[in-house]
Amino acid sequence: MAETQTFDVAILGGGPAGCSAASWLAQLGLSALLVEREVCLCSALTRLDFPQDWVLGEPGASLIDLADRYVAHVQEAPGLALRLGTQAQALQFDAASGWTLQLANGETHRARALLVATGLRLLRPARYFAQPSERVLDAWTLTTQREQLPPGRVLLLGAGDNAAENALFLAERGHEVTVWARGAWRAQQHLVDRIAQQPRITQRLGTPLPEALTPDADGVQVGEERYAYVAALLGFEPEPSALALLSDSAREHVFLAGDASGRWHPCVQTALADGVQAAKQIEQALRPRVAAPQRHNNRQVIHLQGLRFRANLGVLDFERTGPQPIQVDAEVNLGALPVVARDAEIGHVLDYRRIRSAIIDECTAEHTDLVEALLGKLSNRLMSLPGVVGVRLKLTKLEIFPDCEVAVSAEIGRW
């Protein structure tokens, strides 16, 4: 068994966010242990061999090429120890000594701080993926196989950037593509405009998703329709394996970066920035700075209470016939900010009108079956606003029962 080592920081997850944080921690003079369950760093990017345009300064670059550069850079970081092909099996926090990590390879290590950067996992509804089939794809398998798919009828479930980009890619290569979503487009407008001009793409928006898919060796039956392939592009959620090892009290002492933080939009560029931000937060936590005399910081929280409107929400039959009244109460934590004793430009603070608009937009964009799912989307949306470090939400269904209201609350981020 390897000797127990002590590091300043343990990082779980070796994707762009974890690698970015490791590089910055090294530059800040802190030692780090980087644990990645795959056998190589940035493994998710190594399956995406197509040109992209969303990483600034790298137009047309392959994500595989970017992954190679990230890995080569972080491997040169001083004071960095890598553990690949393993993952944390147990995590324990002690206020005096910090973190103890037990890894699947039998090693035990200690760290003063813990950063979770474990990325995301795709949403794979059981009603679509209960029966394994090469004809029913998720976002990863579609992206990696789409160049080899023979032209045919393809159904894409979803209306985000992923669905729009794949619809155009497949249509331009001779496929007849149907985009089926329960709401309106959520993709970038330039992609939506191109789709409107593509005769091989049929749009079926604002339509309840099919209850089931029936795949066989030659295709997939969807109700009375038949397709060669169906891809469920229904979003993602933070990968929960590391956080599931933690008690509620221990979670308060964890730093988050990348998709594990519940960031609204998954992207290489934003993951890299998250890694930098996390590294700086950890440095400040491990090396407390003495505040300047007469300077006092306060935690600023924006409260929106009693926001009432109608939303498409619920699984009951009558809830699917039209919108119902709901109430949203929100607390948005902006963290420690200098006390403002005079008027300032609105651009220097978070405009609470943006919070209100974001809540209404997210709740009315499409029908959502579960309150818990809608709270998750709302939390991610508000966490993406500038300066937000924590969100508390309470969503109340006002007319679900004649004798009571029903509410569900959620909390994310730092408080």
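Note: the structure precedes this text.
Residues numbered from 1 in each chain as written. Predicted model: local features only at pLDDT ≥ 70, side-chain atom pairs only at ≥ 80, totals over all residues. Heavy atoms only, no water.

Peer 1: Can you explain the overall build of the protein chain? Please cite residues and give values.
Peer 2: The helix and strand inventory of the protein chain stands at 10 helices and 23 strands. A compact globule built from 415 residues should have a C-alpha radius of gyration of about 22 Å, and the protein chain, at 23 Å, falls within 12% of that. C-alpha extents for the protein chain along the principal axes are approximately 70 × 55 × 40 Å. Across the 415 residues in the protein chain, those meeting the buried criterion constitute 46%. (Helix = DSSP H or I, 4+ residues; strand = E, 2+ residues; numbered from the N terminus. Rg over C-alpha atoms; globule rule 2.2 N^0.38 Å. Buried < 20%, exposed > 50% of the residue type's maximum accessible area, 1.4 Å probe, protein only.)

Peer 1: Residues and numbers for the sheet that holds strand S11 (residues 153–157), please.
Peer 2: With parallel pairing, the 5 strands of this open sheet are ordered in space as S10-S17-S11-S12-S13. For this open sheet the edge positions go to strand S10 (136–137) and strand S13 (201–204), each flanked by a neighbour on one side alone. Direction of pairing for S11 relative to strand S17 (residues 229–232): parallel, over a ladder of 4 bridges. Bridged to Leu 156 within S17 is Ala 231. Contacts between helix H5 (residues 161–171) and the sheet are confined to S11, strand S12 (176–180) and S13, with S11 contributing the most and set at about 170° to the helix. (Pairing = 2+ DSSP bridges. Contact = heavy atoms within 4.5 Å. Axes fitted to C-alpha atoms, helices over the stretch in contact; angles between N-to-C directions.)

Peer 1: Explain a nonpolar patch on the surface residue by residue, including any values.
Peer 2: A contiguous nonpolar surface patch, about 350 Å² in accessible area, is contributed by Val 315, Leu 316, Phe 318 and Leu 370. Note that Val 315 resides in the loop between strand S20 (297–311) and strand S21 (324–338). Judged by relative accessible area, Val 315 falls into the partly exposed class, the value being 43%. (Patch = residues over 30% accessible without salt bridge, like charges linked within 9 Å, V, L, I, M, F, W, Y side chains within 5 Å. Areas by Shrake-Rupley, 256 points an atom, 1.4 Å probe, with all protein chains shown as cover. Salt bridge = Lys/Arg side-chain N within 4 Å of Asp/Glu carboxyl O.)

Peer 1: Tell me about the side chain of Glu 107, and name the residues and values.
Peer 2: Relative to the helices and strands, Glu 107 is located in the loop between strand S7 (98–103) and strand S8 (108–116). In this structure Glu 107 comes out as buried when scored by relative accessible area, which is 12%. Within the structure, the side chain of Glu 107 is placed 2.7 Å from the side chain of Arg 83, a separation counted as a polar contact. (Polar contact = N/O pair within 3.5 Å; in protein donor to acceptor, adjacent residues only side chain to side chain.)

Peer 1: Pulling in residues and values, what's your account of the pattern of salt bridges?
Peer 2: Enumeration according to the criterion identifies 22 salt bridges in this entry. With a shortest N-O distance of 3.1 Å, Glu 283 and Lys 280 are connected by a salt bridge. Within this pair, Glu 283 and its partner Lys 280 are both found in helix H8 (residues 268–286), separated by 3 residues, close to a single helical turn. Among the ionic pairs, Glu 331 bridges to Arg 392, the shortest N-O distance being 3.8 Å. Highlighted residues: Glu 331 in strand S21 and Arg 392 in strand S22 (residues 390–397), separated in sequence by 61 residues. In this structure Glu 331 comes out as partly exposed when scored by relative accessible area, which is 27%. Overall, Arg 392 belongs to the partly exposed group, its relative accessible area being 29%. Connected through shared salt-bridge partners, Arg 186, Asp 361, Glu 362 and Arg 381 make up one network.

Peer 1: Outline helix H2 (residues 63–74), listing residues and values.
Peer 2: Here H2 spans 16 Å end to end across 12 residues, near enough to the 16 Å set by a 1.5 Å rise per residue. All of the buried residues along H2 are Leu 63, Leu 66, Ala 67, Tyr 70, Val 71 and Val 74. Seen from one end, H2 has its buried residues packed into an arc of 135°, which puts them on one side. Against the buried residues of H2 lie helix H1 (16–27), strand S3 (51–52), strand S4 (61–62), strand S5 (80–84) and H8. The backbone nitrogen of Ile 64 lies 3.1 Å from a side-chain oxygen of the residue at the head of H2, namely Ser 62. (Expected span 1.5 Å × (residues − 1). Arc of directions from axis to C-beta.)

Peer 1: Explain the sheet that holds strand S16 (residues 225–227) residue by residue, including any values.
Peer 2: If you walk across this open sheet you meet the 3 strands as S14-S15-S16, and the pairing is antiparallel. What marks the edges here is a single partner per strand, and that holds for strand S14 (214–215) and S16. As defined by bridge partners, strand S15 (residues 220–222) adjoins S16 across 3 bridges and the pair is classed as antiparallel. If you follow Val 220 over to S16, its bridge partner there is Tyr 227.

Peer 1: Describe in detail a negative patch on the surface, supporting the description with residues and values.
Peer 2: On the surface, Asp 49, Asp 65, Asp 68 and Glu 147 cluster together into a negatively charged patch. As for its position among the elements, Asp 65 is in helix H2. By relative accessible area, which is 38% here, Asp 65 ends up partly exposed. (Lys, Arg positive; Asp, Glu negative; His and termini not counted. Charge placed at Lys NZ, Arg CZ, Asp CG, Glu CD.)

Peer 1: With reference to specific residues and values, describe the packing of helix H9 (residues 352–364) against helix H10 (residues 371–383).
Peer 2: Axis separation between H9 and H10 bottoms out at 10 Å; the angle between their running directions is 145°. Helix-helix and strand crossings are classified by hand; for H9 and H10 the assignment is right-handed. Contact residues: H9 offers Ile 355, Ala 358, Ile 359, Asp 361, Glu 362 and Cys 363, while H10 offers Leu 374, Lys 377, Leu 378, Arg 381 and Leu 382. Its residues assigned to classes, the contact of H9 with H10 shows 7 nonpolar, no polar and 4 charged. (Left-handed = near helix turned anticlockwise from the far one by under 90°. Nonpolar A, V, L, I, M, F, W, Y, C, P; charged D, E, K, R; others polar.)

Peer 1: Just give me the short version of the environment of Phe 318, but keep the residues and values in it.
Peer 2: Residue position: Phe 318 is located in the loop between S20 and S21. In sequence terms Phe 318 and Ile 400 are 82 residues apart; their C-alpha atoms lie 9.7 Å from each other.

Peer 1: Give me the lowdown on the packing of H5 against helix H6 (residues 189–196), citing residues and values where you can.
Peer 2: The geometry of H5 relative to H6 is characterised by a closest axis approach of 10 Å and an angle of 40° between their N-to-C directions. Compared by their axis directions, H5 and H6 come out oblique. Seen along the crossing, H5 lies across H6 with a hand that is left-handed. Note on element contacts: H6 touches H5 through Leu 191, Arg 194 and Ile 195, opposite Asp 161, Ala 164, Glu 165 and Leu 168. Grouping the amino acids of the contact of H5 with H6 by side-chain chemistry returns 4 nonpolar, no polar and 3 charged. (Parallel < 35°, antiparallel > 145°, perpendicular 65-115°, else oblique.)

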